[in-house]
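Read off the chains here:
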Amino acid sequence: MMTSRLVRWIAPLLVFLVFAGVWDFSVRWFDLHKVILPKPLDVIQAMFQERWILLRGSWITFQAAFLGLLASAVIGSMIAIVFSQSRIVRVSFYPYVLFLQTVPIVAIAPLLILWFGNEFKTVVLVSCIISIFPIVSNVTSGLISLNENLRDLFRMQSASRLQVLFKLCIPSAMPQLVLGLRISCGLAVIGAIVGEFFVGDRGAYEGLGTIITARQGNLNTAAMIGAVIACALLGLVLLVLVNLIGTLVLKRWTKDVGFES
Amino acid sequence: MIASANELGLIQCNGIGISFSTRGQKRDVLKQLNLNVSANKIVSLLGPSGCGKSTLLRIIAGLVSPDSGSVTIDGAEWSTTTTSKPEWMSFVFQEAALLPWRTVRENVALPLELRGGASNDQSQDQVSRWLEHVGLGKSDWNKKPNQLSGGMKMRASIARAMVTKPKILLMDEPFAALDDVLRSRLNDLLLKIASEESCTVVFVTHNIAEAVYLSDTIAIMSRGQIAEQIPIQFHESRTNKLRGTPAFANYFGQVSDILFRTALDT
């Protein structure tokens, strides 16, 4: 047991060391300029030097992504509830929700900034728009694909529409909501960073996206890579957080919707 | 009121017909089916898969509208829009159909809750009484359904069905997934409840022995109709010993004969 747990930590670490080694070796071998590709140690150094900027930027971007995800969870669930109540509504509006999924976020981000300004709330909005579709589609399918026996049980009791919605449909859809959140949380981070790209340094604050664009201007590749790593870590933190919340919620809800850790 | 309906049958199905379309092909599931169920009796619907047993049960429950014919309960026309359903009947499904996010107790209280009366003491007593009555110990009341065995889930499901004091209990192969010992225990529980509560039961099953053990009448279905109705009467009381008696074997043989014959016809 002990050894297998050890392997779980050591094996990825070894992969990382080999990867960093190859990276370092390639930079030396091909004699690459540090603007093209800095050495791993340069990146670590740059990250250390900018640690406070990166931490503050991560915190800001985290807030934007989290609020964006929260907004899409609330708004997306409400849309799904409306969708679940009528087939006509569903059929009429679904294409437009799909539109939110298919429209390239990079294309509408400048528009949103034009309308809502170089502000934090615009970044939240971009994050919300990009992450709302999986919530709407998952929760809608959770709300309408009910266990037939359970639906009959409520019909036998002449339950009202609202009773069916609140006591059966919504609780039944909780696992689907959590699933939607898991899919969306990565998108929310992407949305926040893309939003920050466009807000750029015209904005009053510095998220990770803003840091990346600024370091790009300085040709500080090591710091850029450092910020990218911070973005990835941020996505991971949000995913872990969502999984944690999801597990807590589902523990109350269903049998074995455990998350593989 | 029930006495007058008794002669006619508490549940009357008159000329029920229904067909379903699958891939453009229309298939008659029930054809001009007539069935009378007297009050306080247990009637089993027995027949091969796909003969329309469950559909008939769902029509009686008012969950499905027949294409033709009608159902009357205690002399009154019955349909999918009837609102007095909860006062009359409960349905027990093949799977226990418990809400996985509610505790056993909350599940049993659900029908009362949907009628807006679960919070008063009387209702809570009623819930506790039925939980005890079906044999669920206090330690199980606050468990979630996934912490219970199949038999216990079915007990909870029966408690939930009975908590509204229905006059009619409709059961769709409720014990099909249980092993023989559990099944016979739950058969005894059902007999006890039906007689104590003066409940009329319509019971769909595949299992001949179960049908013989439980029923006052076995209705054998074939090709969308009731092919034959066999009244079952025993001199002995219905306990496990009954299963070994010649009379039981006799009925068992008779029923399986008819089942076999009707199956050959199709």
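None of these values were measured; they are calculated from a predicted model. (Residues numbered from 1 in each chain as written. Chains lettered and ligands numbered in written order. Predicted model: local features only at pLDDT ≥ 70, side-chain atom pairs only at ≥ 80, totals over all residues.)

Peer 1: So, the overall build of chain A: which residues are in play, and what are the values?
Peer 2: Each helix and strand counted, chain A has ten helices and zero strands in total. For chain A, the sequential pattern of α-helices and β-strands runs α-α-α-α-α-α-α-α-α-α. For chain A, the spread of C-alpha atoms along the principal axes amounts to about 75 × 55 × 30 Å. Of all 261 residues assigned to chain A, the portion counted as buried reaches 37%. In chain A, the proportion of contacts linking residues at least 24 apart, taken out of those at least 6 apart, comes to 77%. (Helix = DSSP H or I, 4+ residues; strand = E, 2+ residues; numbered from the N terminus. Buried ≥ 20, exposed ≤ 12 C-beta atoms within 10 Å, placed from the backbone. Contact = placed C-beta atoms within 7 Å.)

Peer 1: Can you explain the interface of chain B and chain A? Please cite residues and give values.
Peer 2: Taken together, the contacts link 16 residues of chain B with 15 residues of chain A. Across the side of chain B that touches chain A, the residue classes break down as eleven nonpolar, three polar and two charged. (Nonpolar A, V, L, I, M, F, W, Y, C, P; charged D, E, K, R; others polar.)

Peer 1: Explain the nonpolar core residue by residue, including any values.
Peer 2: The biggest cluster of nonpolar side chains holds 137 residues, and the ones touching the most others in it are Ala227 of chain A together with Ile60, Phe91, Val108, Ala159, Leu170 and Val202 of chain B. Ranked by the residues each element gives to this core, the list is headed by helix H8 (residues 161–199) of chain A, at 15 residues. Residues within four places of alanine 227 of chain A in sequence aside, it is in contact with Leu54, Leu208, Ile211, Ile212 and Arg215 of chain A. (Core = buried A, V, L, I, M, F, W, Y, C linked by C-beta atoms within 7 Å.)

Peer 1: Which residues make up the environment of lysine 143 of chain B, and what values go with them?
Peer 2: All names here are of chain B. Among the secondary structure elements, lysine 143 is positioned in the loop between helix H5 (121–133) and helix H6 (150–162). Lysine 143 sits in the partly exposed class, given 15 other C-beta atoms within 10 Å. For the pair lysine 143 and glutamate 106, spaced 37 residues apart in sequence, the C-alpha to C-alpha distance is 9.8 Å.

Peer 1: Explain the sheet that holds strand E2 (residues 25–37) of chain B residue by residue, including any values.
Peer 2: Note on sheets: strands pair through backbone hydrogen bonds, and any given pair is parallel or antiparallel. Residues and elements named next belong to chain B. If you walk across this open sheet you meet the four strands as E2-E1-E4-E5, and the pairing is antiparallel. In this open sheet, the two edge strands, each paired with only one partner strand, are E2 and strand E5 (76–78). Each strand axis lies, on average, 35° off the axis of its neighbour in the sheet, ignoring direction. Packed onto the sheet, helix H2 (residues 53–60) meets strand E1 (11–22), E2 and strand E4 (68–73) and runs at close to 120° relative to E1. (Pairing = 2+ DSSP bridges. Axes fitted to C-alpha atoms, helices over the stretch in contact; angles between N-to-C directions.)

Peer 1: So what's going on with the packing of helix H4 (residues 104–114) of chain B against H6 of chain B? Residues and values would help.
Peer 2: Residue and element names in this part refer to chain B. In contact at an axis separation of 7 Å, H4 and H6 are set at 30° when each is read in the N-to-C sense. One way to sum up the angle between H4 and H6 is to call them roughly parallel. When you trace H4 past H6, the crossing you get is right-handed. Note on element contacts: H6 touches H4 through Ala156, Ala159 and Arg160, opposite Val104, Asn107, Val108, Leu110 and Pro111. Grouping the amino acids of the contact of H4 with H6 by side-chain chemistry returns six nonpolar, one polar and one charged. (Parallel < 35°, antiparallel > 145°, perpendicular 65-115°, else oblique. Left-handed = near helix turned anticlockwise from the far one by under 90°.)

Peer 1: An account of the environment of glycine 142 of chain A is requested, with residue identities and associated values reported.
Peer 2: All names here are of chain A. For glycine 142, the position within the fold is in helix H6 (residues 120–144). Taking the C-beta count within 10 Å as the criterion, glycine 142 has 24 such neighbours and is therefore assigned buried. Sequence spacing of glycine 142 and serine 84 is 58 residues, and the spatial spacing of their C-alpha atoms is 9.1 Å. Beyond its immediate sequence surroundings of up to four residues, glycine 142 is in contact with Ser172, Ala173, Pro175, Gln176 and Leu177.

Peer 1: Account for the sheet that holds strand E8 (residues 200–205) of chain B, naming residues and giving values.
Peer 2: Residues and elements named next belong to chain B. Pairing in this open sheet of six strands is mixed, and the strands run E6-E7-E8-E3-E9-E10 from one edge to the other. Whereas interior strands pair on both sides, the edge strands pair on one side only; in this sheet they are strand E6 (89–92) and strand E10 (225–231). On average, each strand axis in the sheet is tilted by 20° relative to the strand beside it, whichever way the strands run. Of the pairings in the sheet, the one linking strand E9 (residues 217–222) to E10 comprises six bridges and is antiparallel in character.

Peer 1: Account for the pairing of E9 of chain B, naming residues and giving values.
Peer 2: Residue and element names in this part refer to chain B. Burial within E9 is extensive, with five of its six residues counted as buried. Looking at chain direction, strand E3 (residues 42–46) and E9 are connected through four bridges and run parallel. The residue bridging serine 44 from the neighbouring strand is isoleucine 218, located in E9. In textbook terms, the turn of a hairpin is the stretch between consecutive antiparallel strands, and for E9 and E10 this stretch comprises two residues, one of which, arginine 223, has a positive phi near 45°.

Peer 1: Account for the confidence of the model for chain B, naming residues and giving values.
Peer 2: Reading predicted coordinates in detail is not appropriate for stretches of low pLDDT. Residues and elements named next belong to chain B. Overall, the prediction assigns chain B a mean pLDDT of 89, with 96% of residues at 70 or greater. Throughout residues 1–6 the model reports pLDDT below 50, and contacts reaching past four residues in sequence, or to other chains, amount to nine contacts. With pTM at 0.83, the complex prediction returns an ipTM value of 0.89. (pLDDT = per-residue confidence, 0-100.)

Peer 1: Just give me the short version of the pairing of E2 of chain B, but keep the residues and values in it.
Peer 2: Residues and elements named next belong to chain B. As defined by bridge partners, E1 adjoins E2 across nine bridges and the pair is classed as antiparallel. When the bridges of E2 are listed, isoleucine 11 appears paired with valine 37. The antiparallel pairing of E1 with E2 creates a hairpin that spans two residues between the two strands, and arginine 23 there sits at a positive phi of about 50°.

Peer 1: Please give an account of the packing of H6 of chain A against H8 of chain A that cites residues and values.
Peer 2: All names here are of chain A. Contact geometry for H6 and H8: axes closest at 6 Å, N-to-C directions at 160°. For the element pair H6 / H8, the angle class is roughly antiparallel. In this structure, H6 crosses over H8, and the sense of that crossing is right-handed. When grouped by side-chain class, the residues that make up the contact of H6 with H8 number 21 nonpolar, twelve polar and one charged.

Peer 1: Quick rundown of unusual backbone geometry? Include the residues and the values.
Peer 2: With a phi angle near 50°, serine 158 of chain A is a residue other than glycine that sits in the positive phi range. With respect to the helices and strands, the residue serine 158 of chain A is situated in the loop between helix H7 (148–156) and H8. With 17 C-beta atoms packed within 10 Å, serine 158 of chain A lands in the partly exposed category. You will see that glutamate 173 of chain B, though not glycine, has its phi angle at about 45°, which is positive. Within the secondary structure, glutamate 173 of chain B is located in the loop between strand E7 (168–172) and helix H7 (180–196). Overall, the presence of 20 C-beta atoms within 10 Å leaves glutamate 173 of chain B in the buried class.

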